[in-house]
Amino acid sequence: METGDFTRRTLLRAGGVAVAAGMLPGVAFAEQPGGSGSRTRTVTGTLKPDVPDWYYLPVDVPRGVRQIDVGYSYDRPAVPAGTRGNACDIGIFGPEGHELGTARGFRGWSGGFRDRFFINASEATPGYLAGPVEPGRWHVILGPYTVAPQGLAYRVDITLTFGPDGPPFEPDPAPETAPARERGRAWYRGDSHLHTVHSDGRRTPEQLVADARAAGLDFIVSTDHNTSSSQLQWGAHARDDLLILNGEEVTTRSGHWPAIGLPAGTWIDWRYRAADPRDFRRFADQVHRAGGLVTAAHPFANCFGCTYEFAHELADLVEVWNGPWTQDDEASVIHWDGLLRGGRFVPAIGNSDAHHPDQRVALPHTVVLADRLHRRELLAGLKAGRSWLAESASVQLDFTVSGGGAVAGIGDRLAAGTGTPVTARAAVAGVPGTTVTFLDQLGPEHTETIGDAGAATVTWTTYPRYSRWVRVEVRRPAGGPNTTVPNAMVAMSNPVFLGTGH
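All figures in this text were calculated on a predicted structure; none of them were measured in a lab.

**Digging into the sheet that holds strand β6 (residues 87–93)**
- If you walk across this open sheet you meet the five strands as β2-β4-β9-β6-β7, and the pairing is mixed. With partners counted over all chains shown, the strands left at the sheet margins are β2 (27–28) and β7 (106–111), one partner each.
- Of the strand pairs in this sheet, β6 and strand β9 (residues 136–146) are connected by seven bridges, and their pairing is antiparallel. Paired with I92 across the bridge in β9 is V140.

**Notes on the state of the cysteines**
- Within this structure, the stated rule accounts for one disulfide.
- In this model, C303 is linked to C306 through a disulfide, with the two sulfur atoms separated by 1.8 Å. Given an S-S torsion of about -105°, the disulfide between C303 and C306 has left-handed geometry.
- Here C88 is not disulfide-linked; the sulfur of C306 is the nearest cysteine sulfur, at 17 Å.
- Under the relative-accessibility criterion, C88 is labelled buried at 2%.

**Focus: the pattern of salt bridges**
- Scanning all chains against the criterion turns up 22 salt bridges.
- Of the charged contacts in the structure, one is a salt bridge between R185 and D371, with a shortest N-O distance of 2.5 Å. Of the two residues, R185 is situated in the loop between β10 (152–162) and β11 (186–194) and D371 in the loop between β18 (365–370) and α5 (375–384); the sequence distance between them amounts to 186 residues.
- According to the relative accessible area criterion, R185 is exposed, its value standing at 51%.

**Overview of helix α2 (residues 205–214)**
- Within the span of α2, buried status applies to P205, L208, V209 and A212. Looking down the long axis of α2, one finds its buried residues gathered within 100° of arc, a one-sided arrangement.
- With its phi angle positive at about 80°, G216 sits one or two positions after the end of α2.

**Section: helix α3 (residues 277–289)**
- Taking 1.5 Å of rise per residue, the 13 residues of α3 would be expected to cover 18 Å, and the 18 Å separating its terminal C-alpha atoms lies within 8% of that figure.
- Considered for burial, the residues of α3 that qualify are F280, F283, A284 and V287. On an axial view of α3, the arc spanned by its buried residues comes to 105°, and they lie on one face. In α3, the exposed positions angled more than 90 degrees off the buried face are occupied by R278 and R289.
- Against the buried residues of α3 lie β14 (255–262) and β15 (293–296).

**Focus: the environment of A427**
- The topology assignment puts A427 in strand β23 (residues 422–429).
- The exposure class of A427 is buried, given its relative accessible area of 18%.
- Each C-alpha atom, one on A427 and one on D398, is 5.1 Å from the other, the two residues being 29 residues apart in sequence.
- Residue contacts for A427: discarding those within four places in its chain leaves Q396, L397, D398, A456 and T457.

**Some details on the nonpolar core**
- Counting 43 residues, the largest nonpolar core has W257, I268, W270, F280, V320 and M492 as its most contacted members.
- Among the secondary structure elements, those contributing two or more residues to this core are β7, β14, α3, β15, β16 (317–322), α4 (327–341) and β28 (488–493).
- For this core, the leading source of residues is α3, giving four residues.
- In terms of nonpolar packing, the next biggest core, distinct from the first, is built from 34 residues, V43, C88, I90 and I158 among them.

**Examining the packing of aromatic side chains**
- In this structure the tally under the stated criterion is 20 aromatic pairs.
- Plain terms: the ring middles of Y272 and F310 are 6.2 Å apart, the flat faces sit at 65° to each other, and that makes the pair edge-to-face. With a gap of 38 residues between them, Y272 in the loop between β14 and α3 and F310 in the loop between β15 and β16 connect regions that are remote in the sequence. Accessibility classification places Y272 together with F310 in one group, the buried group.

**Quick word on the sheet that holds strand β26 (residues 456–462)**
- The antiparallel open sheet is built from four strands, whose spatial order is β21-β20-β23-β26. At either end of the open sheet lies a strand with only one pairing partner, and these are β21 (406–409) and β26. Across this sheet, the average inter-strand angle for adjacent strands is 20°, counted without regard to direction.
- Relative to β26, β23 runs antiparallel, the two sharing seven bridges. Each residue of the ladder has a partner; that of A426, found in β26, is V458.

**Let's talk about the pairing of strand β19 (residues 387–390)**
- Of the two faces of β19, the one holding S387 and L389 and the one holding W388 and A390 are both buried throughout.
- Taken together, the four bridges between β18 and β19 define a ladder with antiparallel strand orientation. Counted as the bridge partner of H365 is A390 from β19.
- Sheet topology places β19 next to β28; three bridges connect them, and they run antiparallel.

**With respect to the pairing of β23**
- Pairing of strand β20 (residues 396–403) with β23 involves seven bridges; the strand directions are antiparallel. For S402, the partnering residue across the bridge sits in β23 and is T423.

Thresholds applied
Residues numbered from 1 in each chain as written. Predicted model: local features only at pLDDT ≥ 70, side-chain atom pairs only at ≥ 80, totals over all residues. Heavy atoms only, no water. Pairing = 2+ DSSP bridges. Helix = DSSP H or I, 4+ residues; strand = E, 2+ residues; numbered from the N terminus. Disulfide = S-S within 2.5 Å. Buried < 20%, exposed > 50% of the residue type's maximum accessible area, 1.4 Å probe, protein only. Salt bridge = Lys/Arg side-chain N within 4 Å of Asp/Glu carboxyl O. Arc of directions from axis to C-beta. Expected span 1.5 Å × (residues − 1). Contact = heavy atoms within 4.5 Å. Core = buried A, V, L, I, M, F, W, Y, C linked by side-chain atoms within 4.5 Å. Phe/Tyr/Trp six-rings, centres within 6.5 Å; stacked < 30°, edge-to-face > 60°. Axes fitted to C-alpha atoms, helices over the stretch in contact; angles between N-to-C directions.

Encoded structure:
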């Protein structure tokens, strides 16, 4: 058993494999005589509150290993009210490397959701990548999320099982089309922030697909935290009436940013903070090169590491509505509206961020105008802001602005002169007991109440001289599903821009 008591100073003074800050004492396994059986080594220690975000525990793996198993635990001492206790994440890198951005070495992550995992050539714990256990130096990564004043006492057990590999894992990514839902250029409903058992979700991929289909969605984006493992297995659960796109919720200590629309098997690193802007740009650029989009998720979530602290300049989308309507969402919409008033348009998106069966998929979701139900076209529509957000598939919204003989839709520009009257028109259905409000850069301009029938057409006339853009909100004064917050959002649009220039 290896032990250690680590602060930044003792790490820097330590010798051997603990010479660098963030490196724990390692363990080495010898080859197994006869090539069968298993061996276990244990490492224990204590991390103090003044520790780095990530620690690496080197594990020297010999030839002939069939499977690696890792289990860990840590203490949870009592702390005063208002003081954060212990929470620690875990993952692993293979001998290809654990340096920042080394995707070849990444072999899995489960955060704090699991206390053990395994990897072999044929299969792996969800969140981890199946494949041969190659000889060389592996690194178990520990991420002390929060540390109690008393410190965090940990134990890591590593077991190697020797023997020949089983059959190799065969990737089975989702198909690139969903022909039963293909409608050409049309409005498509999608939830682009969802979790499964491959991170901290309680739904299996099969259950998520069933719930998304029941919610009336055309597409979903799988965004498990910090891992690409589910991306390689969606094919077994795909149906011809639901397009499944790949993503990853890049979960840093300075906020979460789902990377959506990634090629299958793409992993984006998360081991940096907002104080390291070059690292965020590096990985945002990686997402863009891969054809994906960067989403600023739940910007005002009030848990440590959840509030989005990165620059909005590199984000393609802002998730202003995350799950049932809360004051966090209200703050996000106000902030997003402020960006818009200041001349920075980052299209809004709404997602359920559903983790558990009692969290409703598609509450909310985004309805996007795309040339076809395909990754590239859907992402193009989202990036252009040709989209609106809905509480459920029963909510309908048709929003346009017309004037001077032209008509513009959501995300587009009506190039009318400053003195040309323009009329905003919102046709809604499935929204009984709500209000429809047109807003511009001055705030709410015109509101009408929708009765029990739940359907109406509301209009308002303005001029480009006075309104640089117009957007629409549908709210329910009595609240919404799974929330007690009054005046909850039911639907909202991205803006229609007015005039000949920004």
